[in-house]
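# Architecture and fold: a report
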Amino acid sequence: MLAHPRLVPRGAARLHGLRDDRAQALHEHAAQQFAGRGRPRLPAQVLHRRPERAAGDETWVREQIASELAGGESTLERLYTGTAKHGVRRAFEASAAADLMTDLGLDAWLARAIGHVHTLAARPEGLRDIPQVTDELLAAHGDVATANIGDAVDRLALLDSGIRPLWPGARAIGRALTVWTRAGDNKAVHEAVRIAVPGDIIVVNGEGDTSRALIGELIAERAKARGVVGMVLDGAARDVDVLAEIGFPVWARAVTPAGPYKFGPGHVNVPVAVGGLVCRPGDLVVADSDGVAVVAAEKTVSVLDAARAVEADEAGRRARIRAGAGDAGDAGGHAGTGETS
Ligand SMILES: O=C([O-])CC(=O)C(=O)O
Ligand SMILES: [Mg+2]
């Protein structure tokens, strides 16, 4: 289907590297109209019309749909495989559309949710059996150590050691709400906080920049109030004393008093690179005094079992060492890895 010129959002045009003067003009017109007026309300006469009529293009829209549907089985197959194949790109487009809506003061919740569905559809298994890290599964991780998770998965799944807890004893277990932001800019982090739900942990690819703090006490208070359990930043933070005082756990690459920019661009709920790993929206994140582990949502149950096996094995070995009986030590295997320790 051809993209109708009037329907290309500014963000999508930007993503494709296109210049679309009409989309830009439309955006500017809308921004002017809504400036300072809070959330705009559409007039009743527009709401009662069908959108394609309201846009004055009903014939064009109907022709496009009819020609698409005329393709029969091959069209179906293309729609089916295309859903997965183009999922990540569409997730970025939905995210750009949501950014535009946010700029205009509109509620972008649905656009964000659509982006999330596209991210899930891009998984190899598509939308079938979408893995969910449930609240029960989060609770089941209780006191499991990141070191044991790492050992359970061949010592992979751990962020690099430059990303450290900002206060002693910090610990968090949550579902990843991901952010990819331009270095030193926290506009997208604010957007993530706005859409967060209890049990989320905000994971930010800040491009490893340490020159500006992406978060501080105020954004932490807002996140905490929404049930966010912590933040992991491939970037820097500030206001650490207050973060410790309010018990909001943050892992970051650095601390600096320098504040962030707030202009974007950035994306929310797209797969991100963080500390040398890929973290996808909804993945399990466990963070403690040692560092941060990320477990793919679909692997959490088996990895938890393996981490508990490592834990039990080590508890037994420690008990034997303390009892003066020694243990298999460097001659013995290590549960989960086949290595010695
Ligand atoms: O200015 C910012 O956005 C970061 C910050 O210090 C805070 O949230 O307290
Ligand atoms: Mg501050």
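As recorded in an unreviewed UniProt entry, the protein goes by the name Putative 4-hydroxy-4-methyl-2-oxoglutarate aldolase, listed as coming from Streptomyces daliensis. Its UniProt record gives the protein the following Sequence similarities (unreviewed entry) comment, quoted word for word: "Belongs to the class II aldolase/RraA-like family." What the UniProt record of the protein gives under Function (unreviewed entry) is the line "Catalyzes the aldol cleavage of 4-hydroxy-4-methyl-2-oxoglutarate (HMG) into 2 molecules of pyruvate. Also contains a secondary oxaloacetate (OAA) decarboxylase activity due to the common pyruvate enolate transition state formed following C-C bond cleavage in the retro-aldol and decarboxylation reactions."

Here we take up the overall build of the protein. What the protein contains, in helices and strands, is 14 helices and 13 strands. Per-residue burial for the protein yields a buried fraction of 43% across its 341 residues. A total accessible area of about 17,700 Å² is found for the protein, and carbon and sulfur atoms account for 57% of it.

A separate point is the sheet that holds strand 8 (residues 254–255). Read from one edge to the other, the open sheet built from 3 strands follows the order 4-6-8, with strand pairing classed as parallel. Only two strands of the sheet have a single partner each, and these edge strands are strand 4 (213–215) and strand 8. For strand 4 and strand 6 (residues 236–237), the ladder comprises 2 bridges, and the chain directions are parallel. Bridging across to strand 6, isoleucine 215 finds its partner in alanine 237.

Bringing unusual backbone geometry into the picture now. In this chain, glycine 264 is followed by proline 265 through a cis amide linkage whose omega measures 0°. Mapped onto the elements, proline 265 comes out in the loop between strand 8 and strand 9 (266–268). With a phi close to 70°, alanine 157 is a non-glycine residue in the positive phi region. Within the secondary structure layout, alanine 157 lies in the loop between helix 10 (146–152) and strand 1 (164–165).

In the vicinity of ligand 1, the contacting residues are Asn186, His190, Ile215, Gly216, Glu217, Leu218, Ile219, Arg238, Asp239, Pro260 and Lys262. Between an oxygen atom of ligand 1 and a main-chain N or O atom of glutamate 217, the distance comes to 3.2 Å. Arginine 238 has a polar side-chain atom sitting 2.6 Å from an oxygen atom of ligand 1. The element contributing the most residues to the shell around ligand 1 is helix 12 (residues 217–225), with 3 residues.

This brings us to the environment of alanine 293. Mapped onto the secondary structure, alanine 293 falls in strand 13 (residues 292–295). When its relative accessible area of 1% is taken as the criterion, alanine 293 is described as buried. The sequence separation of alanine 293 and leucine 159 amounts to 134 residues, and the corresponding C-alpha distance is 6.2 Å. In this view, alanine 293 contacts Thr146, Ile149, Ala157, Leu158, Leu284, Val285 and Val286; residues no more than four positions away in its chain are not counted.

Taken as a whole, this structure holds 1 aromatic pair when the rule is applied. Between the aromatic rings of phenylalanine 92 and tryptophan 180, the centroid separation amounts to 5.9 Å while the plane-to-plane angle is 80°, which identifies the pairing as edge-to-face. Pair noted here: phenylalanine 92 is in helix 7 (residues 87–103) and tryptophan 180 is in strand 2 (residues 172–181), with a separation of 88 residues, a long-range link. Classification of phenylalanine 92 by relative accessible area gives buried; the value is 16%.

Moving on, we get to the packing of helix 11 (residues 187–195) against helix 12. Any two packed helices are characterised by the angle at which their axes cross and by the distance between the axes. Where helix 11 contacts helix 12, the two axes come as close as 8 Å, and the packing angle between them is 25°. The angle between helix 11 and helix 12 falls in the class roughly parallel. Of the two elements, helix 11 crosses helix 12, and the hand of that crossing is left-handed. Contacts between helix 11 and helix 12 involve Val189, His190 and Val193 from the first element and Ile219, Arg222 and Ala223 from the second. By residue class, the composition of the contact of helix 11 with helix 12 is 4 nonpolar, 1 polar and 1 charged.

With numbering matched to this structure, UniProt assigns "binding site: Mg(2+)" (unreviewed entry) to Asp239. Considering the arrangement of structural elements, one finds aspartate 239 in the loop between strand 6 and helix 13 (240–245). Residue class for aspartate 239 comes out partly exposed when judged on its relative accessible area of 28%. Dropping the residues within four chain positions of it, aspartate 239 is found in contact with Gly216 and Glu217.

Turning to the environment of valine 255, a few remarks are in order. Inspection of the secondary structure assignment puts valine 255 in strand 8. Between the alpha carbons of valine 255 and alanine 213 there is a distance of 6.9 Å; along the sequence they are 42 residues apart. Not counting chain neighbours up to four residues away, the residues in contact with valine 255 comprise Leu166, Ala237 and Val240.

The next point concerns the nonpolar core. In this structure, Ile202, Val203, Ile215, Met231, Val232, Val250 and Val285 are the most contacted members of the largest nonpolar core, which totals 46 residues. The element that contributes the greatest number of residues to this core is helix 11, accounting for 5 residues. Setting aside chain neighbours within four positions, we find valine 250 in contact with Arg164, Pro165, Leu166, Trp167, Ile215, Met231, Leu233, Ala237 and Leu243. Listed in part, the 16 residues of the second largest apolar core include Val133, Ile149, Val303 and Val310.

What counts and what doesn't
Residues numbered from 1 in each chain as written. Chains lettered and ligands numbered in written order. Predicted model: local features only at pLDDT ≥ 70, side-chain atom pairs only at ≥ 80, totals over all residues. Heavy atoms only, no water. UniProt positions renumbered as here; feature names shortened; annotations may be inferred. Helix = DSSP H or I, 4+ residues; strand = E, 2+ residues; numbered from the N terminus. Buried < 20%, exposed > 50% of the residue type's maximum accessible area, 1.4 Å probe, protein only. Areas by Shrake-Rupley, 256 points an atom, 1.4 Å probe, with all protein chains shown as cover. Pairing = 2+ DSSP bridges. Near = heavy atom within 4 Å. Polar contact = N/O pair within 3.5 Å; in protein donor to acceptor, adjacent residues only side chain to side chain. Contact = heavy atoms within 4.5 Å. Phe/Tyr/Trp six-rings, centres within 6.5 Å; stacked < 30°, edge-to-face > 60°. Axes fitted to C-alpha atoms, helices over the stretch in contact; angles between N-to-C directions. Parallel < 35°, antiparallel > 145°, perpendicular 65-115°, else oblique. Left-handed = near helix turned anticlockwise from the far one by under 90°. Nonpolar A, V, L, I, M, F, W, Y, C, P; charged D, E, K, R; others polar. Core = buried A, V, L, I, M, F, W, Y, C linked by side-chain atoms within 4.5 Å.

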